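# Coordinates in review
Listed below, chain by chain, are the residues.
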Amino acid sequence: MRSYQGSNAAYLIDRRLADGYELGVDDGTFRLAPHAPAAGRRIIRAAAAFDVTSPAGVYPEMNISMGRIVFEPNDAQPRRYRPFSRDAQRRLTVAYLGPEGATDEDCPFFFKAFDHFRAAVRLPADADGTSRRHERFEHLHRHAHGWFHLVEMQLLDLAVRSEAPRGGHIIEIGSYQGRSTAVLAAAAQDCGSDALVISIDPNELSPQQADVAAACVASVGQRRRLVQIQRPAARTAGLLRDELACVAFIDGSHEYADVVADFELCDRWLRPGGLLALHDIFPAEHLGYPAPDPGPGDALRRVILPTRRYEPIAAAHLTLVLRKQANVAM
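These lines cover the structure that appears in this document, whether it is placed above or below. Please read all numbers here as calculations on a predicted model, not as lab measurements.

## Focus: the environment of Ala-314
You can see Ala-314 is positioned in strand β14 (residues 310–316). Classification of Ala-314 by relative accessible area gives buried; the value is 0%. For the pair Ala-314 and Pro-60, spaced 254 residues apart in sequence, the C-alpha separation works out to 5.2 Å.

## Here's the deal with unusual backbone geometry
The bulk of non-glycine residues show a negative phi, and the bulk of peptide bonds are trans. Unlike most non-glycine residues, Tyr-176 shows phi in positive territory, near 50°. Inspection of the secondary structure puts Tyr-176 in the loop between β9 (169–173) and α4 (179–190). Tyr-176 sits in the partly exposed class, given a relative accessible area of 28%. Its identity is not glycine, yet Arg-308 carries a phi of approximately 65°, on the positive side. Position of Arg-308 relative to the elements: it lies in the loop between α7 (295–304) and β14.

## What to know about the side chain of Asp-280
In this fold, Asp-280 is placed in the loop between β13 (270–279) and α7. Within the buried core, Asp-280 has no salt-bridge partner, and the shortest N-O distance to an opposite charge, that of Arg-179, equals 11 Å. Within the local environment of Asp-280, its side chain forms a polar contact with the side chain of His-254, the two groups lying 2.7 Å apart.

## Comments concerning the nonpolar core
Grouped together as the largest cluster of nonpolar side chains are 35 residues, with contacts concentrated most on Leu-140, Leu-156, Val-160 and Ile-170. Looking at this core, the elements with two or more residues in it are α2 (130–143), α3 (150–163), α4, α5 (207–218), β12 (245–250), β13 and β14. With near-sequence residues (within four places) excluded, Val-160 lies in contact with Pro-165, Ile-170, Leu-184, Ala-187, Ala-188, Cys-191 and Val-247.

Reading the values: the criteria
Residues numbered from 1 in each chain as written. Predicted model: local features only at pLDDT ≥ 70, side-chain atom pairs only at ≥ 80, totals over all residues. Heavy atoms only, no water. Helix = DSSP H or I, 4+ residues; strand = E, 2+ residues; numbered from the N terminus. Buried < 20%, exposed > 50% of the residue type's maximum accessible area, 1.4 Å probe, protein only. Lys, Arg positive; Asp, Glu negative; His and termini not counted. Salt bridge = Lys/Arg side-chain N within 4 Å of Asp/Glu carboxyl O. Polar contact = N/O pair within 3.5 Å; in protein donor to acceptor, adjacent residues only side chain to side chain. Core = buried A, V, L, I, M, F, W, Y, C linked by side-chain atoms within 4.5 Å. Contact = heavy atoms within 4.5 Å.

See below:
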């Protein structure tokens, strides 16, 4: 790996590119030129990792943005590539160029944010179960309909495995067809916890959706720990005791007032030191997706962060995890 240090980021070039290209970095921009034209098409993989800056601090974004630099047959014209984001809250930390066919594991920084998160939640590295969990995530991504990304599954899995062994249950608001619900339940099993997954789905008009979600959880062998409540979270306030949860995940209605109401309930149910996860809180243009509804992001900025009780730990795709602080004066 050839390394260049910029003012705010590291720039890495895979040594496998050295034989065919003249390579370098100028002012945060990769430059590469083939030594000679080639008969076939050549593709260079580009990747970039970012930190996110918020009023509450800086935390790692646990996914990488990928791109491609293409040289068509007989094309030897130099190329320049500058990693960027239109999101002013995202700061480039590492950029990488590798050959076609490079995998995520070839990007030496790919798991850096995961390691940062493990340290933040006091979770030791676990090599034994990594492959099995990844296969589970891939299975859910292929067979369970939804908008929950693979890297978000990894983030929720880490959150549960860090907190569930310390006691408490898991609360989810908004299950849709059970993709995230299955991740939460399986993670509890993996860490030897007896935690229940209390899944509150506000969509009362589609009772069959609860059956689909339950089947998804059953597909990972965890139907026994699932408790389903199909009604708006506001109507469950008296059913659950305060501070019973170690992890709470909010992905229900995206209307601002509903997100605030869901947060206020989860704030009651979540014990100090527990983890709160929120979905669809970021503008998504930099990921190639339409922007989500603004309600979750507005609730985060206007209500959750101003309480000063929640510290962001890590982001993945459109999900943010925060730790609930204890004894913070208002």
